[in-house]
Amino acid sequence: MRTEIAKHLDHDPNFEWRGQTVTRIENLSDIVFALALGMLLLTGTPPQTFSELVTFLINIVPVAAGFLILFMIWNAHFVFFRRYGIADNTVVLLNALLLLMVLFFAYPLRFIFDGLFGYIIGSMTGDFARLVAADMMLVNSTRSMAIFGVGYAVIYTLLSFMYAHAFARSDVIGLSDKERIITRQTIWIYRSQVLVALGVVACALFTPLGPFSGFLLILNWPNSIIASKLIGREQKPQPAAVLHAGVDE
């Protein structure tokens, strides 16, 4: 009984986890994500005075925002390998591209969220000294947000390709009907995130939202709910009465 309870607490009970052992590609990936998180936290010089310490502690806000983004990417990567347990040439290639983007994306991620945080504080207090020091006034903050949107879109495009590849090999992997539905839902959720990220880029460059266009990512939440319901409805089996009526006709 304890084994069954622990199994359900450890992962999604609606999906059989086929990746029971940690592969070398996952070990490498975890190292890359750890480096990215370290780059996010340790950007800049260590505090030498109390005022610098206070500034360092205040920076927990942009650090937490960047950490959340990287953690969501890591979790999507982790769940993929646990669910499907495949590491063929296509997955290795897509995973390598994903790790490259994570490393490329991590260092400017802190810079971008520092700029956004400084712009919010400056808009509230009228003190834009933080932005001036970082050369992140309106134009550069807007461009930085556009860069963030492009990086976010590329990463979730690669993740959607990985899940789509797993779905294409459903028969080989032995996915159940329910697992196929969940996989399709995941693919469309990630594709909707790509569209939202591209919307962030467009709004950053062509609308007055500018650096605040990143808040459009909140649309990922309702989009995920809508995608899950639509895919689930498409795959819902027809009632037996309807099937019998079709046979009689």
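The structure presented is a predicted model; accordingly, all values stated were derived computationally and were not measured.

Criteria and cut-off values
- Residues numbered from 1 in each chain as written.
- Predicted model: local features only at pLDDT ≥ 70, side-chain atom pairs only at ≥ 80, totals over all residues.
- Heavy atoms only, no water.
- Helix = DSSP H or I, 4+ residues; strand = E, 2+ residues; numbered from the N terminus.
- Buried < 20%, exposed > 50% of the residue type's maximum accessible area, 1.4 Å probe, protein only.
- Contact = heavy atoms within 4.5 Å.
- Areas by Shrake-Rupley, 256 points an atom, 1.4 Å probe, with all protein chains shown as cover.
- Salt bridge = Lys/Arg side-chain N within 4 Å of Asp/Glu carboxyl O.
- 1 Å grid on protein atoms, 1.4 Å probe; cavity = no way out; pocket = protein on both sides within 12 Å on 5 of 7 lines; lining within 4 Å.
- Points joined across faces, edges and corners; volume = space filled by probe spheres on them.
- Nonpolar A, V, L, I, M, F, W, Y, C, P; charged D, E, K, R; others polar.
- Patch = residues over 30% accessible without salt bridge, like charges linked within 9 Å, V, L, I, M, F, W, Y side chains within 5 Å.
- pLDDT = per-residue confidence, 0-100.

Caption draft 1: How the structure looks around the overall build of the protein chain. Along its length, the protein chain carries 11 helices and 0 strands. For the protein chain, the N- to C-terminal ordering of α and β elements is α-α-α-α-α-α-α-α-α-α-α. When each of the 249 residues of the protein chain is scored for burial, the buried share is 40%. Intrachain contacts of the protein chain at a sequence separation of at least 6 include 79% that bridge at least 24 residues. Per element, the accessible surface of the protein chain, about 14,500 Å² overall, is 69% carbon and sulfur.

Caption draft 2: Broad picture of the pattern of salt bridges. Scanning the model with the defined rule gives 5 salt bridges in all. In this structure, glutamate 179 and arginine 18 form a salt bridge, with 2.7 Å as the shortest nitrogen-oxygen distance. Taken together, the residues span a long stretch of sequence, with glutamate 179 in helix α9 (residues 177-206) and arginine 18 in the loop between α1 (2-10) and α2 (24-41) at a distance of 161 residues. With a relative accessible area of 5%, glutamate 179 lands in the buried category. When the shortest N-O distance is used, the salt bridge between arginine 82 and glutamate 26 registers 2.5 Å. Taken together, the positions of arginine 82 in helix α4 (residues 60-84) and glutamate 26 in helix α2 put the pair 56 residues apart, joining distant regions of the chain. Across this residue pair, the class does not change: arginine 82 and glutamate 26 are buried. Through salt bridges that share partners, Glu16, Arg18 and Glu179 make up one connected network.

Caption draft 3: Layout of the layout of surface pockets. Estimates place the volume of the largest pocket at around 720 Å³. What lines the largest pocket is a set of 31 residues, and nearest its centre among them are Leu68, Ile69, Met72, Tyr152 and Asn220. Looking at the lining of the largest pocket, the elements that each hand over two or more residues are α4, α5 (89-125), α7 (138-168), α9 and α10 (220-235). Residue contributions to the lining of the largest pocket peak at 10 residues, all from α4. In terms of residue class, the lining of the largest pocket is made up of 24 nonpolar, 6 polar and 1 charged.

Caption draft 4: View of a nonpolar patch on the surface. Residues Leu41, Leu42, Phe50, Leu53, Val54, Phe56, Leu57 and Ile58 make up a contiguous nonpolar surface patch of about 770 Å² in total accessible area. The element best represented in the nonpolar patch is helix α3 (residues 50-58), accounting for 6 residues.

Caption draft 5: Inspection of the confidence of the model for the protein chain at higher detail. On average, residues of the protein chain score 78 in pLDDT, and 75% of them reach the 70 mark or higher. The low-confidence segment residues 237-249 (pLDDT under 50) makes 1 contact with residues lying over four places distant or belonging to another chain.

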